[in-house]
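Report on the structure
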Amino acid sequence: VASLLRELPQVAVETTLVRPATRERLEAALGERSDLPTAVLLIAHGTYDTERGRGTVHLETVDGRTDQVPADLLSGMLLQAPRLRLAVLNLCSGADSSHTEPFSGLAQALIDGGVPAVVAMHGRVSDRSAGLFGPALLKKLAANRTIDEAMAYGRRTSPAQSARASHQGIPSLA
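Note that the coordinates shown come from a computational prediction; the quantities given were computed from them, not determined experimentally.

This part covers the sheet that holds strand β6 (residues 117-121). Overall, mixed pairing links the four strands, which are arranged β1-β5-β6-β7 in an open sheet. In the strand order of this sheet, the two ends are held by β1 (39-43) and β7 (171-173), each with one partner. Taken pair by pair, the neighbouring strands of this sheet meet at an average axis angle of 15°, ignoring direction. As judged from the four bridges shared by strand β5 (residues 86-90) and β6, these two strands associate in the parallel manner. When the sheet's bridge partners are listed, Leu-89 is paired in β6 with Ala-120. Against the sheet, helix α4 (residues 106-113) engages β5 and β6, with an angle of about 175° to β6.

What follows covers the environment of Ala-136. In this fold, Ala-136 is placed in helix α5 (residues 127-142). According to the relative accessible area criterion, Ala-136 is buried, its value standing at 8%. Sequence separation between Ala-136 and Ala-152 is 16 residues; the distance between their C-alpha atoms is 9.7 Å.

Analysis parameters
- Residues numbered from 1 in each chain as written.
- Predicted model: local features only at pLDDT ≥ 70, side-chain atom pairs only at ≥ 80, totals over all residues.
- Heavy atoms only, no water.
- Pairing = 2+ DSSP bridges.
- Helix = DSSP H or I, 4+ residues; strand = E, 2+ residues; numbered from the N terminus.
- Axes fitted to C-alpha atoms, helices over the stretch in contact; angles between N-to-C directions.
- Contact = heavy atoms within 4.5 Å.
- Buried < 20%, exposed > 50% of the residue type's maximum accessible area, 1.4 Å probe, protein only.

Next up, the structure:
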């Protein structure tokens, strides 16, 4: 988070940090101003439950416990921001889904729910990869680069890109 705040130009970007990241605080931040945000970077833990066939993001409860928020609920929360154009899920398994239920994952549910573009990770992601990718992506977007250019730049910063040939930990655009 500190790297992200240092890297982004304050002229082009207004940053709101939501801590602790509870459902209530996230909803309040999204509904605070109708003209913002146009992009949301969600840094959290994520999982894909293969038994239930759904993706979840792990937010916090007021008392510091884990609050597993399913994809459809996260989609509804994010869509409280009417000008939202991009959601970046900087978390594990944000792009994972079932072959039989393609919209069961977090990224897919957000697209299905009306978010125009979602960037998410396949499989497990190291803190280092996530910490490098998010700031790199948003830095290029703040400099008016296209999402494709920003994705390419962000992927080049990710150690997962050179470390593995699989799709694990590699960001994708939904």
